[in-house]
Structure formats: structure tokens, C-alpha cells
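Given next are the chains, with one letter for each unit.
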Amino acid sequence: MKVLVMAHAPVIALLSDFGTSDGYAGVMQGVILGIARDVPLVDLTHDIPAHDVAAGAWVLYTSWRYFPGHTVFLAVVDPGVGGARRAAAVQVESRIFVGPDNGLFSLVIAGGTVEAAVALDNPRYHLGAPSATFHGRDVFAPCAAHLAVGIPLASLGSPITPETLIRLPILQAERSGSTVRASIVHVDRFGNLITSVDSALTTLVLITASTTLHLGRHLITVRARTFAEGPTDQPFLLRDSSGHLAVAIRDGSAAAQLGAHRGDSVRVEGLPS
Amino acid sequence: MKVLVMAHAPVIALLSDFGTSDGYAGVMQGVILGIARDVPLVDLTHDIPAHDVAAGAWVLYTSWRYFPGHTVFLAVVDPGVGGARRAAAVQVESRIFVGPDNGLFSLVIAGGTVEAAVALDNPRYHLGAPSATFHGRDVFAPCAAHLAVGIPLASLGSPITPETLIRLPILQAERSGSTVRASIVHVDRFGNLITSVDSALTTLVLITASTTLHLGRHLITVRARTFAEGPTDQPFLLRDSSGHLAVAIRDGSAAAQLGAHRGDSVRVEGLPS
Amino acid sequence: MKVLVMAHAPVIALLSDFGTSDGYAGVMQGVILGIARDVPLVDLTHDIPAHDVAAGAWVLYTSWRYFPGHTVFLAVVDPGVGGARRAAAVQVESRIFVGPDNGLFSLVIAGGTVEAAVALDNPRYHLGAPSATFHGRDVFAPCAAHLAVGIPLASLGSPITPETLIRLPILQAERSGSTVRASIVHVDRFGNLITSVDSALTTLVLITASTTLHLGRHLITVRARTFAEGPTDQPFLLRDSSGHLAVAIRDGSAAAQLGAHRGDSVRVEGLPS
């Protein structure tokens, strides 16, 4: 990247499954601004499907490196709120992730270096009497805001051994000889089907002329570099902006037209074995 | 609350029923930034159901105290725009609420101290020639922005006697002996059913072992402190993050599974009479 | 406008068809904040229907003059991403529009004076290795951010002759004698039907007592200044906040009740010929 990067001061990026109707996401921002009024806030998304930790992990995975260094991610998809799961802040390289330790950070941790992690058990940085049901407001938001104004990570609570952080097996792609067995990990707004075949393997798939992707009864062989280059009458393979292998349909929804869903299995055949 | 609160400079929080598709909410922010470029803006929500003043009142009620002092709330759910309803700015303790005087501020006013109120009839602080149909853009947004940059409330228009502000009966809960008759006032994104039984009465309901909640043909007796503690096979009572009594289903939607809607009556029985 | 306008420093307003579920809109903001941390960001909307360039053009048209001078609009509805369409930055009076040259800026250009335009072909202001499928993140966001921090428009790439910018015929309204043939160009969240009859012609329609609007089998003759003044039992004509002629139903959706959609033809009759 040749761009001028001038910003080393923090930003807070918010991700949740709160939706936007109830004011829950806005309230977290109100709490933050009471502590860190001058920190820019970005709504990464609040439309993660309710309780869908893996979906939240995917969006963090595809997003976090595009935010400036020192960004604090306030990420709350937290079906176990108030229960045994730990509340955590995890520093991965120069960014910090604040939220439940339930696997939401699985893909960030898998792709980055964990520098430190703490359990958010110092009540000094919580709202006065935290509710049992809304730690986004009462624990995570104030902790994220304090980090953004310079409170050290270690002040927020007891150290966590990074190896004990919860990791979910979200991106499975197994290569065996000339075959890769993978799955659809994300269906985006346009109906593009993004698979668990990662960037390096996608390069190999796309440069090998003989590869085919099997999705249910569909066999996809055409490939394109862009949506505009794709054929108009059949689905095609392309590299998604995440780097992963994807199935798309030009000016249409591959999900709708192929009847495909997140979690569906895909199989790539024809790789050099 | 033991957190460091450093912010006394204003913030503007926006709430409306404009949705996010038409650009109406964004335009209000454009107008604000032309007057108050350095004021942080928070979208509390723009997804209040169209024309649903009571729904907007609920979100303000559960949110406003979590925003910093001196926050200006720009709140527009305004089916009577351009008609006889007053355009108002109402100072409640250290926050100011700008929007139509149609009941939208009912619950804030009921729970806080009104310090002052004005009708927004000074055209100096409106856009040049206000439309008849979009006072959010032409009247409320510029007035909110001017308040945020320090224009005194009294400059925006004629004084309103606080007692004349419109109040809607949104949170009705009547106790009679051992029974409380109340209603569902909000159904959130997760399908939790939040009732009009307020925080003090909720404490009494939850500590009294014999209480039951009747909702249509359903009788709910189990209670939990958190979602994670709830049973997996039946609905349960818990204290919502607003403090109110709520009915929830673990990892599911109580609204969908019980066929319940906002406005449905509930009855709590078994209180000490 | 008599308001105090203090802001001449830039703001970035974002518009896209990315929706809010995938994090795509948030990632663009992350990229921007890495370059231009102190620039206020406004989400004008990310809910333009997928690939609907004309719908994006309408929202820009009704919004852009309400943003402060020097606003940079980052607008991405880009079905041809990675293909032959030009990536452009277009200065219209004091604002700059960054996005694909595919007609998205048609209505802004038609109503304003184009001062300069460039193709975004200087890789110095892109992310390192732009993807083929997400120029919003890799090209448009970094270019918008650089403009906001003061990089001159001419630095971003080769000049474009303004006359060659793509213009789509979105707002068609043909007057012939006493008749105007037009269409519905936007249906808003409330179900109001906004037509291509522009502000000047709307004035003429509304002051001429004998005019009627024909929409399919419906004939609409009543007019109102505000929603609150409209009749309760039939649709009526009013001036939308964009200035255009609209059809509304009080406390209801004209689109639903009249079975009308964007693109439907309307005919106004009875103008002085």
C-alpha cells in the first residue's frame, strides 16, 4: 500500500447482532462518547444474524486489517451474556478486540499474532451496576472506550493465556490429492457464495484450467476476473474481495438461482495432485 | 458509575422512523454538519416503525441516560408534520430533546425533570424556506445543530409551559391487590417481550417465589437472571436491560414461539397483597 | 438560508448498494480513517437496491445540496466493477463525487456545474494491490479520503472531459399542450410515490385547480400542502420535500394501496395549454 497513512490515534469499530431497531447499538455509542468523546466511531455492522458467532467472526476476519492501527473493535455477538463465558480484550498486533470469548475472534486470532489478552474483570472500567443481560452497554462499551483513551490493556483485568481463547473451526477446507472439500462460509448481499477455500488455494484453483467446483448438483467450470467479465447465462468462479474462492452470477444472485446456503458443502476437483 | 467521564461537550443522537433507504436520515446529518461540523453524531435508530410515536418514545426512554450530559437528541417520528402539532425543544436535566411535541418525549418527561421548553418558531434557525413535509431536515436538524454549537435554548423560539407538553399513556401497569395488569411495550430484535412492569415492581415480582405471569393462554413461572441460565424448553421471566420485566426464550424468539405482539396484555399474579 | 454556516472543512458522505450486513460499508470507513482520521463520515445510505444505479442517482440528487461545501461523496453502485467503466472523481461546484462513471452522477451533473473531472488512474492513491471486485474499498475510499485531506483532484488521475461523463435519462417528464407524461421515480419508506414532475412544473400543477393525475386506473384530484391536511379516505397530490410532485395517502402507503411501483407511468392533465 502506497497511500499516506497518517493516523495512529484510535478509532472504535462496532460489530454486533443487535440490529438497528431497538437502539441497543446506539446506546453503546452513547456510553463510549461519555468516556471518549473525540474517538471516531464506525458501525462495521449490527446486522449479524442473532446469536450467529461464526457469521460475526467472518466479518471481522475480512475487515480488521483495513482499519487503522490502534483500532479498538467492540464486537458483541453474545448468546451466553451473563453466563460462564469470559468477557475479554485481545490485542492482535496493533488492534484490540473487545467482546465475549466465545469464538467471535477465532479467525482474527488464527490469522494474526496475539500480543496479550485479559479478562474484563476490573469493575472500575464497567458501568456502575452492570445488568446481567446487556454487557455490550455495561462492560464492553466502557472497556473499549477506556482503551481508546489510553488506559492500558492490563488495567482492565486479569491476564488470559492466549492459548485458552476459544477458537471455532469456521474455515474448514481439506485438500486430498486433486480434491478440496470445503463449504460456503458467507453469502453476501448480492447473493455471492463465498467459500472456505482461502487465497493461496484460490490462486491454484484459478490458474489450473481443469478445475471444477461441485455445489450440490451444479458443476461450475467457467471463471472470471470480475463480475462484468462473467458470462450472462451461467454461474462462474471468481476471487472474492476477501481472497477466497466464490461463486457468482452476473447481475443476479447465485444463492437464489442455485438454491445455495451458508454451510453447504462444495468440492473442487482437478487440482494437480 | 466509577468510570472517568471526560465529556461535557455536546453530542447529537438521532432517532427517526425514516428508515435508511431514502437518504432522509443522512440528509439531516448533512444539514447538521454544515452548522456543527465538529459535533459527534450517533444514529440511535432510524428504524422506528413508520409513524409509531410510542415505539420511538420507548427507545428514547431506554437510551437517553446512557448518553453524555449535554447530548442533543434529534428525534423525528412526525405523522403530523406541517400541521398543528408544535415543533419543540425540551431540556430535561442536562440533555435537550428536539422534535415534534406529539408524545414522542412522553417517557423522558415522565422520568426526568423538565428544565425548559420552547416552540421552534424562530425562523432564524431554520433552513431558508422550510418545506411543509420534511421538518426533520428543515427545522429540527438545524435547531439541534445550533443548540450543539451553543445557541441558547431560549433563542430558538417562544417558551412552552412544560405542563402543556403532550404526554401519551404508554407505560400502563396497574396493581390491584396481588395482581398487576400490564402490557407488552416492546418486542426486541431477539424476540424478547418487554412489559410495562417497571424496575421497582420487577424486583418485587422476581423475589416473590409465588408470582406467575399470564400471557394469553401461556402461564410463565420460571425465572432466570440471564439468558444463559434460562431453561431450554420453556419461556422464562427475567429483568430486561431496561429494568422492566421481560419474557424470553433461550436461543429463540419468545415473540414467535408464544405468538405474542406489542400491545398484548399480561397479568402478574401472586404478589403479596 | 439565514443559519450560521461555519464549516468549510470537508466531510465524507457515503452512499452504496452494499447493505449493512456484510461489513463492506464499514470497511470503506476503516480505509478512510486510516488516511483521514479527523474527517466526519456520514452514511447517506447503503440500502440502494443492488446494482440500481438510477435509484442511487435519485438519492444523490435529493441530498447533495444539503451537505456542506467541500463535502466528498463516496458513491458506489457499481455492477461493472473491474470492467471498462471509468472510475471517476467529479467536482460539481464545491462538492466532489467519487465513484464509477456509470450514470450514478447523472442528476447531480444535470443540476449543477461540473468544474472538473478525473479518471482515478493514479495508483499512488489506491490501496496497494486493488482487488478486481471491490473498488469501493481499494480505489474509491482511498481516493475520497485523500481528497478530504487536501490532495488536489488533478493528482488523482487523468482529466476527463465533462461532456463524456455518462448521463442516464432518469427524470423524464414531457409536456405536450395541457398534458404532462411522467413516471414514478422513487417510492419512499412511507409508500409515497414521487414523480419525475419537477419543482417548477409541480408549482404549476398545484396552482391550476383543474389538473388531475392519472396513475393506472386511478384518477387523483385532491391536493394538500401537508400529510396532515390530506383527506383520510383517498390519495392526494402534494409537493414532496424534493420539490417534485408526489402522491400520498394519509397515515398509509400510497404504493401499497394503489398497487404502484417505481417506473410506473403517470399523466397529468388539465394544465393551461
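Residues numbered from 1 in each chain as written. Chains lettered and ligands numbered in written order. Predicted model: local features only at pLDDT ≥ 70, side-chain atom pairs only at ≥ 80, totals over all residues. Heavy atoms only, no water.

## Points about the overall build of chain A
At step 1: When helices and strands are tallied, chain A shows six helices and 14 strands.
At step 2: Taking 273 residues into account, the globule formula puts the C-alpha radius of gyration at 19 Å, and chain A, at 20 Å, falls close to it.
At step 3: Put simply, 67% of the contacts in chain A that link residues at least 6 apart link residues at least 24 apart.
At step 4: When the accessible surface of chain A is summed, it comes to about 9800 Å², and 52% of that surface belongs to carbon and sulfur atoms.
At step 5: For chain A, the separation between the mean place of its 19 positive charges and that of its 22 negative charges on side chains is 5 Å. (Helix = DSSP H or I, 4+ residues; strand = E, 2+ residues; numbered from the N terminus. Rg over C-alpha atoms; globule rule 2.2 N^0.38 Å. Contact = heavy atoms within 4.5 Å. Areas by Shrake-Rupley, 256 points an atom, 1.4 Å probe, with all protein chains shown as cover. Lys, Arg positive; Asp, Glu negative; His and termini not counted. Charge placed at Lys NZ, Arg CZ, Asp CG, Glu CD.)

## Points about the relation of the copies chain A and chain B
At step 1: Each copy superposes on the other: chain A lies on chain B with an RMSD of 0.0 Å after a rotation of 120° and an axial shift of 0.0 Å. When the rotation and shift are considered jointly, the pair of chain copies conforms to a three-fold rotation axis. Across chain A, the smallest distance between a C-alpha and the rotation axis is recorded for Pro 40 of chain A, namely 4.7 Å.
At step 2: Little of the interface of chain A is mirrored in chain B, where only 2% of its interface residues again form contacts. (Least-squares fit on C-alpha atoms with pLDDT ≥ 70 in both.)

## Quick word on the interface of chain A and chain C
At step 1: Contact residues are listed per partner, giving 39 residues for chain A and 43 residues for chain C.
At step 2: The junction of chain A with chain C conceals about 3200 Å² of combined surface from both sides, 59% of it contributed by carbon and sulfur atoms.
At step 3: Seen at the junction of chain A and chain C, the total is zero salt bridges.
At step 4: Where chain A meets chain C, there are 13 residue pairs in polar contact (both at pLDDT 80 or more).
At step 5: Where the side of chain A that touches chain C is concerned, the elements lending two or more residues are β2 (41–45), α2 (53–63), β8 (179–187) and β12 (236–239) of chain A.
At step 6: In terms of residue count, the dominant contributor to the side of chain A that touches chain C is β2 of chain A (four residues).
At step 7: Grouping the amino acids of the side of chain A that touches chain C by side-chain chemistry returns 23 nonpolar, six polar and ten charged. (Buried area = accessible area lost by both parts, 1.4 Å probe. Salt bridge = Lys/Arg side-chain N within 4 Å of Asp/Glu carboxyl O. Polar contact = N/O pair within 3.5 Å; in protein donor to acceptor, adjacent residues only side chain to side chain. Nonpolar A, V, L, I, M, F, W, Y, C, P; charged D, E, K, R; others polar.)

## Some thoughts on the packing of helix α1 (residues 24–35) of chain C against helix α4 (residues 135–148) of chain C
Residues and elements named next belong to chain C.
At step 1: Interaxial distance between α1 and α4 falls to 9 Å at its minimum, and their mutual angle equals 40°. Compared by their axis directions, α1 and α4 come out oblique. In the crossing of α1 with α4, the sense of the turn from one axis to the other is right-handed. Contacts from Val 27, Met 28, Val 31, Ile 32 and Ile 35 of α1 reach α4 at Gly 136, Arg 137, Ala 141, Pro 142, Ala 145 and His 146.
At step 2: Residue composition of the contact of α1 with α4, grouped by class: eight nonpolar, two polar and one charged. (Axes fitted to C-alpha atoms, helices over the stretch in contact; angles between N-to-C directions. Parallel < 35°, antiparallel > 145°, perpendicular 65-115°, else oblique. Left-handed = near helix turned anticlockwise from the far one by under 90°.)

## What to know about the relation of the copies chain A and chain C
At step 1: For the pair chain A and chain C, the superposition axis carries a translation of 0.0 Å, the fit reaches an RMSD of 0.0 Å, and the rotation angle comes to 120°.
At step 2: A low fraction, 3%, of the interface residues of chain A reappear at the interface in chain C, so the copies pair through non-equivalent surfaces.

## Notes on the interface of chain A and chain B
At step 1: Contacts between the two partners involve 43 residues from chain A, matched on the other side by 39 residues from chain B.
At step 2: Carbon and sulfur atoms supply 59% of the area buried between chain A and chain B, which totals about 3200 Å² over both sides.
At step 3: When the buried surface of chain A facing chain B is broken down by residue, Asp 22, Arg 37 and Thr 133 of chain A rank first, second and third, together holding 20% of it.
At step 4: Along the contact surface separating chain A from chain B lie zero salt bridges.
At step 5: Between chain A and chain B we count 13 residue pairs in polar contact (both at pLDDT 80 or more) in total.
At step 6: Broken down by element, the side of chain A that touches chain B gets its largest block of residues, nine residues, from helix α1 (residues 24–35) of chain A.
At step 7: Residue composition of the side of chain A that touches chain B, by class: 18 nonpolar, 18 polar and seven charged.

## Quick look at the confidence of the model for chain A
At step 1: Confidence in the prediction for chain A averages 94 pLDDT; 97% of positions are at 70 or higher.
At step 2: Within the model, pLDDT remains below 50 along residues 1–8 of chain A, and this stretch shows 26 contacts once partners closer than five positions in the same chain are excluded. (pLDDT = per-residue confidence, 0-100.)

## Describing the side chain of Ser 106 of chain A
Residue and element names in this part refer to chain A.
At step 1: Residue placement: Ser 106 occurs in helix α3 (residues 106–111).
At step 2: Overall, Ser 106 belongs to the buried group, its relative accessible area being 3%.
At step 3: Of note is the side chain of Ser 106, whose polar atom sits 2.6 Å from the backbone oxygen of Gly 103.
At step 4: Excluding residues that lie within four positions of it along the chain, Ser 106 makes contacts with Ile 166, Arg 167, Leu 168 and Ile 170. (Buried < 20%, exposed > 50% of the residue type's maximum accessible area, 1.4 Å probe, protein only.)

## Quick word on the sheet that holds strand β3 (residues 72–76) of chain C
Residues and elements named next belong to chain C.
At step 1: Taking strand neighbours across the sheet as the criterion, the six strands line up as β2-β1-β3-β5-β4-β6 in an open arrangement whose pairing is mixed. The sheet is open, and its two borders are formed by β2 (41–45) and β6 (114–119), each paired with just one other strand. Direction aside, neighbouring strands of the sheet carry axes that sit 20° apart on average. (Pairing = 2+ DSSP bridges.)

## Overview of the pattern of salt bridges
At step 1: Scanning the model with the defined rule gives 24 salt bridges over all chains in all.
At step 2: In this structure, Arg 267 of chain A engages Glu 269 of chain A in a salt bridge whose closest nitrogen and oxygen atoms are separated by 2.7 Å.
At step 3: A salt bridge links Arg 262 of chain C to Asp 52 of chain C, with the nearest nitrogen and oxygen atoms 2.0 Å apart. On the criterion of sequence distance, the pair formed by Arg 262 of chain C in the loop between α6 (254–258) and β14 (265–269) and Asp 52 of chain C in the loop between β2 and α2 (53–63) is long-range, its members being 210 residues apart.
At step 4: Relative accessible area serves as the criterion here: at 16%, Asp 52 of chain C is assigned to the buried category.

## A look at the sheet that holds strand β3 (residues 72–76) of chain B
All names here are of chain B.
At step 1: Taken in spatial order, the six strands of this open sheet run β2-β1-β3-β5-β4-β6, and their pairing is mixed. The strands lining the two open edges of the sheet, one partner per strand, are β2 (41–45) and β6 (114–119). Direction aside, the axes of adjacent strands within the sheet are offset by 20° on average.
At step 2: Alignment of strand β4 (residues 87–92) against strand β5 (residues 95–100), held across six bridges, turns out to be antiparallel.

## Comments concerning the environment of Pro 10 of chain B
At step 1: Within the fold, Pro 10 of chain B resides in the segment before β1 (12–16).
At step 2: Along the backbone, Pro 10 of chain B and Asp 38 of chain B are 28 residues apart, and their C-alpha atoms lie at a distance of 9.6 Å.
At step 3: In this structure Pro 10 of chain B touches Arg 37 of chain A together with Val 39, Pro 40, His 70 and Ala 148 of chain B, once residues within four positions along its chain are discounted.

## Let's talk about the environment of Leu 258 of chain B
Residues and elements named next belong to chain B.
At step 1: With respect to the secondary-structure elements, Leu 258 resides in helix α6 (residues 254–258).
At step 2: Note: C-alpha distance between Leu 258 and Asp 43 (215 residues apart in sequence) is 31 Å.
At step 3: Setting aside residues no more than four positions away along its own chain, Leu 258 makes contact with Leu 193, Leu 215, His 218, Ile 220, Pro 235, Val 247 and Ile 249.

## What to know about the packing of aromatic side chains
Residue and element names in this part refer to chain A.
At step 1: On inspection of all chains with the given rule, the structure shows 24 aromatic pairs over all chains.
At step 2: Centroid distance Phe 18 to Phe 134: 5.5 Å. Interplanar angle 90°. Geometry classified as edge-to-face. Of this pair, Phe 18 sits in the loop between β1 (12–16) and α1 while Phe 134 is found in the loop between β6 (114–119) and α4 (135–148), placing the two residues 116 residues apart along the sequence.
At step 3: Note on Phe 18: relative accessible area 8%, which makes it buried. (Phe/Tyr/Trp six-rings, centres within 6.5 Å; stacked < 30°, edge-to-face > 60°.)

## Observations regarding the environment of Gly 157 of chain A
All names here are of chain A.
At step 1: As for its placement among the helices and strands, Gly 157 is situated in the loop between α4 and β7 (174–176).
At step 2: It is 13 Å that separates the C-alpha atoms of Gly 157 and Gly 99, two residues lying 58 residues apart in sequence.
At step 3: Not counting residues within four places of it along the chain, the set of residues in contact with Gly 157 comprises Val 118, Ala 119, Asp 121 and Asn 122.

## Some remarks on α4 of chain A
Residues and elements named next belong to chain A.
At step 1: Helix length check: α4 (14 residues) gives 18 Å between terminal C-alpha atoms against 20 Å at 1.5 Å per residue, within 8%.
At step 2: The sharpest bend along α4 reaches about 30° and sits at Ala 141, with the proline Pro 142 one to four residues further on.
At step 3: When you tally the buried positions in α4, you get 14 out of 14 residues, the bulk of the element.
At step 4: Once α4 ends, the next one or two residues include Gly 150, with phi positive near 110°. (Expected span 1.5 Å × (residues − 1). Bend = angle between axes of the 7 residues up to and from the residue.)

## Some thoughts on unusual backbone geometry
Residues and elements named next belong to chain C.
At step 1: Of note in this structure, His 70 is not a glycine but carries a positive phi near 75°.
At step 2: Considering the arrangement of structural elements, one finds His 70 in the loop between α2 and β3.
At step 3: Located in the positive-phi region is Asp 251, a residue other than glycine, with phi close to 55°.
At step 4: Counting through the fold element by element, Asp 251 comes out in the loop between β13 (245–248) and α6.
At step 5: For Asp 251, a relative accessible area of 57% corresponds to the exposed category.

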